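Given next are the chains, with one letter for each unit.
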Amino acid sequence: MDYSHVRDVDPAVADALSGEVERQQNTLAMIASENHASEAVLEAQGSALTNKYAEGYPDERYYAGCEYADEVEELAIERAEELWGAEHVNVQPHSGSQANMSVYLAMLDPGDKILSLDLTHGGHLSHGHPANFAGQTYEVEQYEVDADTGYVDYEGLDDIAHEFDPDIIVSGYSAYPREVEWERIQETADDVDAYHLADIAHITGLVAAGAHSSPVGVADFVTGSTHKTIRAGRGGIVMCDEEHADAIDAAVFPGAQGGPLMHNIAGKAVGFGEALSAEFDAYAEQTVKNAQALADRLQENGLSLVSGGTDNHLVLVDLRPSHPETTGKDVEAALDAAGIVMNANTVPGETRSAFDPSGIRLGTPALTTRGFDEAATREVADLITRVIDDYDDEEVVEEVSARVDELADEHPLYE
Ligand SMILES: *Cc1c(COP(=O)(O)O)cnc(C)c1O
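These numbers come from a predicted model, not from an experiment. (Residues numbered from 1 in each chain as written. Predicted model: local features only at pLDDT ≥ 70, side-chain atom pairs only at ≥ 80, totals over all residues. Heavy atoms only, no water.)

1. Things to note about the overall build of the chain
- A tally of helices and strands in the chain yields 16 helices and 15 strands.
- Taking 22 Å as the expected radius of gyration for a compact globule of 415 residues, we find that the chain reaches 21 Å, a close match to that expectation.
- For the chain, the spread of C-alpha atoms along the principal axes amounts to about 60 × 60 × 35 Å.
- Taking all 415 residues of the chain together, the buried fraction comes to 55%.
- The long-range share in the chain, meaning contacts at least 24 apart out of those at least 6 apart in sequence, stands at 72%. (Helix = DSSP H or I, 4+ residues; strand = E, 2+ residues; numbered from the N terminus. Rg over C-alpha atoms; globule rule 2.2 N^0.38 Å. Buried < 20%, exposed > 50% of the residue type's maximum accessible area, 1.4 Å probe, protein only. Contact = heavy atoms within 4.5 Å.)

The following block contains the structure:
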């Protein structure tokens with residue numbers, strides 16, 4: 001990746017692009033929503049399809065010259081249907097948020113009611129936060145995780161649903177380390193005659209590989225991001241039964257978007273193709289094993305985890321019991337200086353502000369892509385603990401940084 005054409009016309013941008021490749025190579029990405037797409041996916045995303053207008057859907061376009069756009073989109077759809085077993089897949093959403101927007105547009109009228117998980121308990125902005133279009137357009141009520149166990153409070157959800165009478169219930173989360181019980185939420189949705197949207201943005205890859213149970217065939221709608229645990233480049237998807245296919249397609253285009261990003265759809269096609277392999281199943285399984293190794297070791301080292309462990313690709317550390325004076329931002333800055341890139345996160349029952357919360361969120365998808373196994377992940381857990389214990393000690397941060405450099409070198413990213 002020398003970006004030679006960019007360098008010829010624009011050295012400033014070329015320097016930033018090369019700098020980013022080096023940053024990714026030289027640091028450990030533990031932001032739970034991040035991953036490293038293959039060079040094949042990057043090449044497809046950087047292809048000449050970025051020039052093509054293809055409003056509409058394969059064989060029903062509003063523009064001429066769409067034969068290759070059609071081929072690419074049909075491949076992406078076929079592969080997605082095979083990966084997740086959905087009757088209908090729309091691969092055009094520009095991102096996971098647009099995928100959710102399309103479901104709301106298709107099924108709700110302004111003023112209708114959404115029931116979703118509180119953002120500080122692991123939900124997502126697009127589930128109806130006041131700062132998001134969904135929060136401004138619909139009436140939103142929230143359920144929570146149980147403050148003691150860290151698991152979704154399914155009984156509380158059921159109670160609120162019976163009282164609030166939502167039009168749609170949203171499941172699927174951004175900072176939730178446990179398996180989601182899709183059927184249980186579906187029962188509530190059936191009881192109160194609401195639609196059920198399962199947003200698997202974080203766990204698309206785990207679900208595709210069978211490393212997490214699937215809501216496809218349970219919930220009415222399943223949405224996802226394509227750049228998180230599935231390494232298909234930045235974008236979103238919506239899945240549903242044939243019954244809702246036309247409504248969803250019309251909501252994505254022209255409801256929420258204009259021309260599809262055909263170059264990104266090419267990236268999705270390539271990434272989905274890669275994910276159909278046995279290697280990808282092994283990758284997803286290893287991602288979960290690494291998260292569990294990380295969880296076990298952090299707890300052995302005296303840290304407290306929300307829900308006491310993990311079933312998926314992420315862990316959520318609550319700093320309050322072990323380090324009451326240390327905030328998530330303190331740790332985020334010190335770990336960043338040491339080359340471990342993750343994010344501060346709110347925890348259930350948060351007592352600080354969302355800008356400087358009491359927790360940190362750590363994910364294993366990107367490290368697993370680079371070949372980290374459980375032993376290497378345990379070492380990373382030890383490095384993280386050292387920094388948390390002495391986040392304001394520059395010597396400690398420097399020592400950890402030196403070891404991070406070695407680990408990064410031992411796990412090359414792009415050749
Ligand atoms: C990441 C995420 C999304 C989508 O995010 P985009 O950045 O728009 O792709 C939606 N829902 C959840 C639960 C997420 O974690």
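2. Some points on a nonpolar patch on the surface
- Together, Tyr53, Tyr62 and Tyr63 line one region of the surface with nonpolar side chains, adding up to about 380 Å² of accessible area.
- The residue Tyr53 is located in the loop between α3 (39-45) and β2 (56-57) in this model. (Patch = residues over 30% accessible without salt bridge, like charges linked within 9 Å, V, L, I, M, F, W, Y side chains within 5 Å. Areas by Shrake-Rupley, 256 points an atom, 1.4 Å probe, with all protein chains shown as cover. Salt bridge = Lys/Arg side-chain N within 4 Å of Asp/Glu carboxyl O.)

3. Focus: the side chain of Gln45
- Locating Gln45 in the fold gives a position in helix α3.
- Classification of Gln45 by relative accessible area gives buried; the value is 18%.
- A polar atom in the side chain of Gln45 sits 3.4 Å from the side chain of Asn264.
- The residues contacting Gln45, other than those within four sequence positions of it, are Gly233, Arg234, His263, Asn264 and Gly267. (Polar contact = N/O pair within 3.5 Å; in protein donor to acceptor, adjacent residues only side chain to side chain.)

4. Looking at the domain arrangement of the chain
- For the chain, the assigned domains are domain 1 (43-275) and domain 2 (280-408).
- Look at where the C-alpha atoms of domain 1 and domain 2 centre, and you get two points 28 Å apart.
- The interface is formed by 24 residues belonging to domain 1 together with 24 residues belonging to domain 2.
- It is Pro177, Arg178 and Arg231 in domain 1 that bury the most area against domain 2; as a group they hold 30% of the surface buried on that side. (Domains from an automatic or database assignment. Buried area = accessible area lost by both parts, 1.4 Å probe.)

5. Points about the sheet that holds strand β10 (residues 236-240)
- The sheet built from seven strands is open, its strands ordered β4-β10-β9-β8-β7-β5-β6 with mixed pairing. Two strands lie at the open edges of the sheet, namely β4 (88-90) and β6 (139-143), each paired on one side alone. Strand-to-strand twist in this sheet, taken as the mean axis angle between neighbours without regard to direction, amounts to 20 degrees.
- In the packing of helix α4 (residues 67-84) onto the sheet, the strands contacted are β4 and β10, and the crossing angle to β4 comes to about 125 degrees.
- Each of β7 (168-171) and β8 (195-199) touches helix α8 (residues 182-191); the most contacted strand, β8, lies at about 155 degrees to it. (Pairing = 2+ DSSP bridges. Axes fitted to C-alpha atoms, helices over the stretch in contact; angles between N-to-C directions.)

6. Thoughts on a negative patch on the surface
- A surface patch of negative charge is lined by Asp59, Glu60, Glu67, Glu71, Glu74, Glu78, Glu82, Glu87, Asp241, Glu242, Glu243 and Asp246.
- In terms of residue count, α4 provides more of the negative patch than any other element does, five residues in total.
- In this fold, Asp246 is placed in helix α10 (residues 245-256).
- In this structure Asp246 comes out as exposed when scored by relative accessible area, which is 66%. (Lys, Arg positive; Asp, Glu negative; His and termini not counted. Charge placed at Lys NZ, Arg CZ, Asp CG, Glu CD.)

7. Comments concerning the site of the ligand
- Near the ligand you find 13 residues, and of these Ser95, Ser97, Ser174, Asp199 and Lys228 are the closest.
- Contact between the ligand and Gly96: an oxygen atom at 2.9 Å from a main-chain N or O atom of the residue.
- Ser174 is positioned with one of its side-chain polar atoms (N or O) 2.7 Å from an oxygen atom of the ligand.
- Here the ligand loses 87% of its free accessible area of 380 Å² to cover by the protein chains.
- If you tally residues by element for the shell around the ligand, the top one is helix α5 (residues 96-107), at three residues.
- Class assignment for the residues of the shell around the ligand results in two nonpolar, nine polar and two charged. (Near = heavy atom within 4 Å. Nonpolar A, V, L, I, M, F, W, Y, C, P; charged D, E, K, R; others polar.)

8. Considering the environment of Glu71
- Checked against the element boundaries, Glu71 lands in helix α4.
- Separated by 299 residues in sequence, Glu71 and Arg370 place their C-alpha atoms 31 Å apart.

9. Description of the pattern of salt bridges
- On inspection of all chains with the given rule, the structure shows 14 salt bridges.
- Note that Lys289 is salt-bridged to Glu285, the shortest N-O span being 3.8 Å. Of this pair, Lys289 and Glu285 both sit in helix α12 (residues 278-300), four residues apart, which is roughly one turn of the helix.
- On the basis of relative accessible area, Lys289 is assigned to the partly exposed category, the value being 36%.
- Within the structure, one salt-bridge network assembled from shared partners comprises Glu379, Arg403, Glu406 and Glu410.

10. Brief notes about the packing of α5 against α10
- α10 packs onto α5 with a crossing angle of 110 degrees between their chain directions and a minimal axis gap of 8 Å. Classed by the angle they form, the pair α5 and α10 counts as roughly perpendicular. Considering only the axes of α5 and α10, their crossing is right-handed. Along the contact surface, α5 presents Met101, Ser102, Val103, Leu105 and Ala106, while α10 presents Ala247, Ile248, Ala251, Val252, Gly255 and Ala256. (Parallel < 35°, antiparallel > 145°, perpendicular 65-115°, else oblique. Left-handed = near helix turned anticlockwise from the far one by under 90°.)

11. Notes on the packing of aromatic side chains
- Counting across every chain of the model gives 10 aromatic pairs.
- Ring centres of Phe133 and Tyr138 lie 6.0 Å apart, and the angle between their planes is 80 degrees; on these two criteria the pair is classed as edge-to-face.
- Ring geometry for Tyr173 versus Tyr176: centroids 5.3 Å apart, planes at 75 degrees, classification edge-to-face. Across the pair, Tyr176 and Tyr173 agree in class, each one buried.
- Through successive ring pairs, a cluster of aromatic residues spans Tyr104, Phe133 and Tyr138.
- Of note, Arg231 hangs over the ring of Tyr283, and the distance from its end group to the ring centre comes to 3.9 Å. (Phe/Tyr/Trp six-rings, centres within 6.5 Å; stacked < 30°, edge-to-face > 60°. Lys NZ or Arg CZ within 6 Å of the ring centre and 35° of its normal.)

12. Some details on the layout of surface pockets
- Approximately 790 Å³ is the volume attributed to the largest pocket.
- Around the largest pocket sit 25 residues that line it, and Gln24, Ala37, Leu42, Gln45 and Tyr414 are the ones nearest its centre.
- Sorting the residues of the lining of the largest pocket by element identifies α2 (11-26) and α3 as the ones contributing at least two each.
- Top contributing element to the lining of the largest pocket by residue count: α2, with five residues.
- A per-class count over the lining of the largest pocket returns nine nonpolar, nine polar and seven charged.
- Of the pockets and cavities examined, the second largest pocket occupies roughly 460 Å³. (1 Å grid on protein atoms, 1.4 Å probe; cavity = no way out; pocket = protein on both sides within 12 Å on 5 of 7 lines; lining within 4 Å. Points joined across faces, edges and corners; volume = space filled by probe spheres on them.)

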